[in-house]
Amino acid sequence: MGFLFPPETDKWLAVLRIGLGLQVTVYALFLRSDWHQLFASTGKGLVSRQLGEAITSFDSPLIPKLGWLVALGSSVNIGEETALSIAWAGLLCMGCFLLLGLFCRPAAIIAWFLHLCAAESGGLLAYGADNFMTTGLFYLMLSPLPDRYAFDHWLVKTKPKDPQLLGFWRRVLQVHLCFVYFFGGLGKSLGSGWWDGSNLWRALTRPPFDIISPDILIRFKYLLPILGISICLIELSYVFFIWMKKTRFVWLVGIVGMHIAIGLTMGMYLFALVMIVLNLAAFGPDFGSLFLAYRQRFHAVFPENQLAP
């Protein structure tokens, strides 16, 4: 019970709300020009929405899809293009509401639903960022909103939330991330591709992720096995060292740095952003105090008079 319901403040919840609000807003803006091409019906879109929704229906016919919204719109004489535009505008507005902290609970629920519809209707084009966005928004809509930094809290003057309930939802997010990184690192470690750097080479040279020139990669090819092994070790050991206060800062910096590198070298900006948001919400609200603790420990080991020239 002490592990599952530790008393917590709502600082982590504010990080999660603001971070996911930024994520949803950027996601909608990134897809603004391609929204109709991605989700239009047969003969109008890049990939037929019906095909993606048919594949999704094999898992369960109850999974939300944009086709539901299009069908609802057609029942009140709203065309497909208009219905898709309303869905996009709704997603953008919900992201802005989450950023500001307005109507936090309804905004989180609607953002989760609309993003899930888009991710499942475009299943052939979805990837890890969509899965983690859905997961983060699911936890956010169930968490004890609003936090003290939201406009809702100032407008309605809500009572302070139960610290143990706040601690429970943060703990769920923490455990979920530990499973993600442990099994991700385990899967990478089972093959030889990450140990000899060949998987990194393939990932960085395969379109559309080939942002770095192959000439540069060849020049620094000896670093690829080191980076591959480092990624495996960071992910595998995340589940152990992220819990200890003495090593939490180092592993948090390492995992955030890894995702920044993924975003910059492969152009996977949305994936990098959502993973950084989830990590900072789960283990990073005390980032400043952890940094100060490491700084004090460093000066205790290496006094300033020893470091002076």
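Residues numbered from 1 in each chain as written. Predicted model: local features only at pLDDT ≥ 70, side-chain atom pairs only at ≥ 80, totals over all residues. Heavy atoms only, no water.

Colleague: Before we go on, may I ask you to explain the pattern of salt bridges in this structure?
Modeller: Here the idea is simple: oppositely charged side chains can pair when their charged atoms come close. Summed over all chains, the structure comprises 4 salt bridges. Across the salt bridge formed by D147 and R17, the nearest N and O atoms sit 2.6 Å from each other. Of the two residues, D147 sits in the loop between helix 7 (128–142) and helix 8 (151–156) while R17 sits in helix 1 (residues 11–30), which places them 130 residues apart along the sequence. The exposure classification of D147 matches that of R17, with both residues buried. Note that K188 and E235 form a salt bridge whose closest N and O atoms lie 3.1 Å from each other. Taken together, the residues K188 in helix 9 (residues 163–190) and E235 in helix 12 (residues 223–241) connect sequence positions 47 residues apart. (Salt bridge = Lys/Arg side-chain N within 4 Å of Asp/Glu carboxyl O. Helix = DSSP H or I, 4+ residues; strand = E, 2+ residues; numbered from the N terminus. Buried < 20%, exposed > 50% of the residue type's maximum accessible area, 1.4 Å probe, protein only.)

Colleague: Would you mind going over the packing of aromatic side chains with me for this structure?
Modeller: The relation between two aromatic rings is expressed through the spacing of the ring centres and the mutual angle of the planes. Tallied over the full model, the rule gives 15 aromatic pairs. With a centroid separation of 5.8 Å and 50° between ring planes, the pair formed by F3 and W243 is classed as tilted. In this pair, F3 sits in the segment before helix 1 while W243 sits in the loop between helix 12 and helix 13 (245–266), placing the two residues 240 residues apart along the sequence. For the pair W243 and F283, a centre-to-centre distance of 5.4 Å together with 85° between the ring planes defines the contact as edge-to-face. (Phe/Tyr/Trp six-rings, centres within 6.5 Å; stacked < 30°, edge-to-face > 60°.)

Colleague: Whenever I open this one, helix 14 (residues 269–283) confuses me. Can you help?
Modeller: Each full turn of the α-helix corresponds to 3.6 residues, which orients residues three or four apart in the same direction. Across its 15 residues, helix 14 extends 21 Å between first and last C-alpha, which sits within 8% of the 21 Å expected from 1.5 Å per residue. Counting buried residues in helix 14 gives 12 out of 15 residues, a clear majority hidden from the surface. For helix 14, the full list of buried residues reads L270, F271, A272, V274, M275, I276, V277, L278, N279, A281, A282 and F283. The elements touched by buried residues of helix 14 are helix 1, helix 7, helix 9, helix 12 and helix 13. (Expected span 1.5 Å × (residues − 1). Contact = heavy atoms within 4.5 Å.)

Colleague: Is there a simple way to think about unusual backbone geometry in this case?
Modeller: Negative phi values dominate among residues other than glycine, just as trans dominates among peptide bonds. At the junction of L145 and P146, the peptide bond is cis and its omega measures out at -5° in the coordinates. Secondary-structure assignment places P146 in the loop between helix 7 and helix 8. Residues P207 and P208 are joined by a peptide bond in cis, for which omega reads 0°. Unusually for a residue other than glycine, N77 sits at a positive phi of about 65°. Phi at F103 is positive, roughly 50°, even though this residue is not glycine.

Colleague: Mind showing me how you'd approach a nonpolar patch on the surface here?
Modeller: Together, I18, L22, L99, L100, F151, W154, L155 and V156 line one region of the surface with nonpolar side chains, adding up to about 740 Å² of accessible area. Among the secondary structure elements, those contributing two or more residues to the nonpolar patch are helix 1, helix 5 (80–100) and helix 8. Among the elements that line the nonpolar patch, the one with the most residues is helix 8, at 4 residues. Relative to the helices and strands, V156 resides in helix 8. Here V156 falls in the exposed class, since its relative accessible area comes to 58%. (Patch = residues over 30% accessible without salt bridge, like charges linked within 9 Å, V, L, I, M, F, W, Y side chains within 5 Å. Areas by Shrake-Rupley, 256 points an atom, 1.4 Å probe, with all protein chains shown as cover.)

Colleague: In this structure, what is going on with the packing of helix 1 against helix 7? I would like to understand it.
Modeller: Packed helices, taken two at a time, are described by the angle between their axes plus the distance between the axes. Running from N to C, helix 1 and helix 7 point in directions that differ by 135°, and their axes come no closer than 10 Å. In terms of orientation, helix 1 and helix 7 fall into the oblique class. Where helix 1 crosses over helix 7, the handedness of that crossing is left-handed. Of the residues in helix 7, those in contact with L13, L16, R17, L20, Q23, V24 and Y27 of helix 1 are D130, M133, G136, L137 and L140. Tallied by class, the residues present in the contact of helix 1 with helix 7 amount to 8 nonpolar, 2 polar and 2 charged. (Axes fitted to C-alpha atoms, helices over the stretch in contact; angles between N-to-C directions. Parallel < 35°, antiparallel > 145°, perpendicular 65-115°, else oblique. Left-handed = near helix turned anticlockwise from the far one by under 90°. Nonpolar A, V, L, I, M, F, W, Y, C, P; charged D, E, K, R; others polar.)

Colleague: Please clarify how the environment of I260 should be interpreted in this entry.
Modeller: Counting through the fold element by element, I260 comes out in helix 13. Between the C-alpha atom of I260 and that of L273, which follows or precedes it by 13 residues, the distance is 8.0 Å.

Colleague: What am I meant to see in the nonpolar core here?
Modeller: A general feature of soluble globular proteins is that nonpolar side chains tend to end up buried together. Counting residues in hydrophobic clusters, the biggest one holds 71 residues, and the most contacted among them are W35, L140 and Y238. The element best represented in this core is helix 14, accounting for 10 residues. (Core = buried A, V, L, I, M, F, W, Y, C linked by side-chain atoms within 4.5 Å.)

Colleague: Help me out: how do you make sense of the environment of F138 in this one?
Modeller: Take F138: it is sitting in helix 7. For the pair F138 and A111, spaced 27 residues apart in the sequence, the C-alpha separation amounts to 9.4 Å.

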